[in-house]
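An overview of the molecular structure
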Amino acid sequence: MENIDTKKVANKYDQIDIIWDKDDSWHWHTYTQIRAFIHEMFQVIPHDETKLILNAGSAGHNWDLSHKNIFHIDLSRMKLQNIQYSSVANLENCPYKAHSFDIIICVGSVINYCDPYKVMDELARIIKKGGYLYLEYESSLTLELIGNQDFNAESVFMETFYRGEKESIWYYSNFLIRQLSKLYGFKVCKKRKIHIFSPLVYRLTKNENLSSKFGALDTFLRFIPIMNIFASNVMCLMKKD
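Quick summary incoming for the structure in this document. Treat the numbers as computed from the prediction; the structure is a model and nothing was measured. (Residues numbered from 1 in each chain as written. Predicted model: local features only at pLDDT ≥ 70, side-chain atom pairs only at ≥ 80, totals over all residues. Heavy atoms only, no water.)

Points about the overall build of the protein
Looking only at helices and strands, the protein has eight helices and nine strands in total. Dimensions of the protein, computed from C-alpha atoms along their principal axes, come out at roughly 50 × 40 × 35 Å. The buried share of the protein, taken over its 241 residues, is 52%. Taking contacts inside the protein between residues at least 6 apart in sequence as the whole, the part at least 24 apart equals 69%. Carbon and sulfur atoms make up 50% of the accessible area of the protein, which amounts to about 11,800 Å² in all. (Helix = DSSP H or I, 4+ residues; strand = E, 2+ residues; numbered from the N terminus. Buried < 20%, exposed > 50% of the residue type's maximum accessible area, 1.4 Å probe, protein only. Contact = heavy atoms within 4.5 Å. Areas by Shrake-Rupley, 256 points an atom, 1.4 Å probe, with all protein chains shown as cover.)

Shown next as structure tokens:
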């Protein structure tokens, strides 16, 4: 796999004031869907103030959770400078002891900047047995790639966009993430998809704002056969065996 320069990633996010900006309609839709999924799932999984939560690749954001025992890890030192429980580190080499956390949140396509094998190995190491992992990733089973040789590829290094600028990250197949989940002892309990039809509109128009408007269709397309297999972003709630 081609390595992404983590120093460049850290420097980039050090300089961004607002990670999830309402003016960036594509990623704001992603944010609202991730946040809703996290809060919805927190209503059904066991948790209280004694549980330890790791927000992996958090950029200092806590998803509006009121829980007090949230630890943050991120490449960006600037984003963590005012957070008490935090570590500036790479997810591929976490500075935590085995079986430290009851819940891990790894969203915002954080894993797409990393080696997924190393990240899943580390997350499996530091989570407790019976713990829950929220994982969100960018999928190669996206209509943006349909008809392309990289469509549904196990992994593909792809140019995408963020806040009007180009960047390159890894896209992973759902099969790869599913196999890694099994390999490292995670059972997928719940899935939800984001940006189902909007990637096709983006492919045809290269217009982020126009394409993002079609994200509103996600709520309906999730229940339509054939269409519901596609998505640019996939959210999963997993439980550690």
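Considering the pattern of salt bridges
Tallied over the full model, the rule gives seven salt bridges. The salt bridge involving Arg125 is made with Glu122; its shortest N-O contact spans 2.8 Å. With Arg125 and Glu122 both in helix α4 (residues 116–126) and three residues apart, this pair spans about one turn of that helix. Given the relative accessible area of 9%, Glu122 is considered buried. For Glu159, the salt bridge is made with Lys166, and the minimal N-O distance between the two is 3.7 Å. Assessed through its relative accessible area of 65%, Lys166 is described here as exposed. (Salt bridge = Lys/Arg side-chain N within 4 Å of Asp/Glu carboxyl O.)

Observations concerning the packing of α4 against helix α5 (residues 174–183)
Contact pair α4 / α5: the axes reach a minimum separation of 10 Å and the direction vectors enclose 35 degrees. Helix-helix and strand crossings are classified by hand; for α4 and α5 the assignment is right-handed. Residues Pro116, Tyr117 and Met120 of α4 form the contact with α5, whose own contacting residues are Leu176, Leu180 and Ser181. The residue makeup of the contact of α4 with α5, split by class, is five nonpolar, one polar and no charged. (Axes fitted to C-alpha atoms, helices over the stretch in contact; angles between N-to-C directions. Left-handed = near helix turned anticlockwise from the far one by under 90°. Nonpolar A, V, L, I, M, F, W, Y, C, P; charged D, E, K, R; others polar.)

Quick notes on α4
For α4, every residue scored as buried is listed here: Pro116, Val119, Met120, Glu122, Leu123, Ala124 and Ile126. Sitting at the amino-terminal end of α4 is Asp115, which places a side-chain oxygen 2.9 Å from the backbone nitrogen of Tyr117. (Polar contact = N/O pair within 3.5 Å; in protein donor to acceptor, adjacent residues only side chain to side chain.)

Considering the sheet that holds strand β2 (residues 70–74)
Pairing in this open sheet of seven strands is mixed, and the strands run β3-β2-β1-β4-β5-β9-β8 from one edge to the other. One side of each edge strand has no neighbouring strand; the edge strands of this open sheet are β3 (86–88) and β8 (186–194). Each strand of the sheet is rotated relative to its neighbour by a mean of 15 degrees, with strand direction disregarded. Taken strand by strand, helix α2 (residues 25–42) contacts β1 (53–56), β4 (101–106), β5 (127–138), β8 and β9 (233–240), and its axis lies near 140 degrees from that of β8. The sheet strands contacting α4 are β1, β4, β5, β8 and β9, and the helix crosses β5 at an angle near 150 degrees. (Pairing = 2+ DSSP bridges.)

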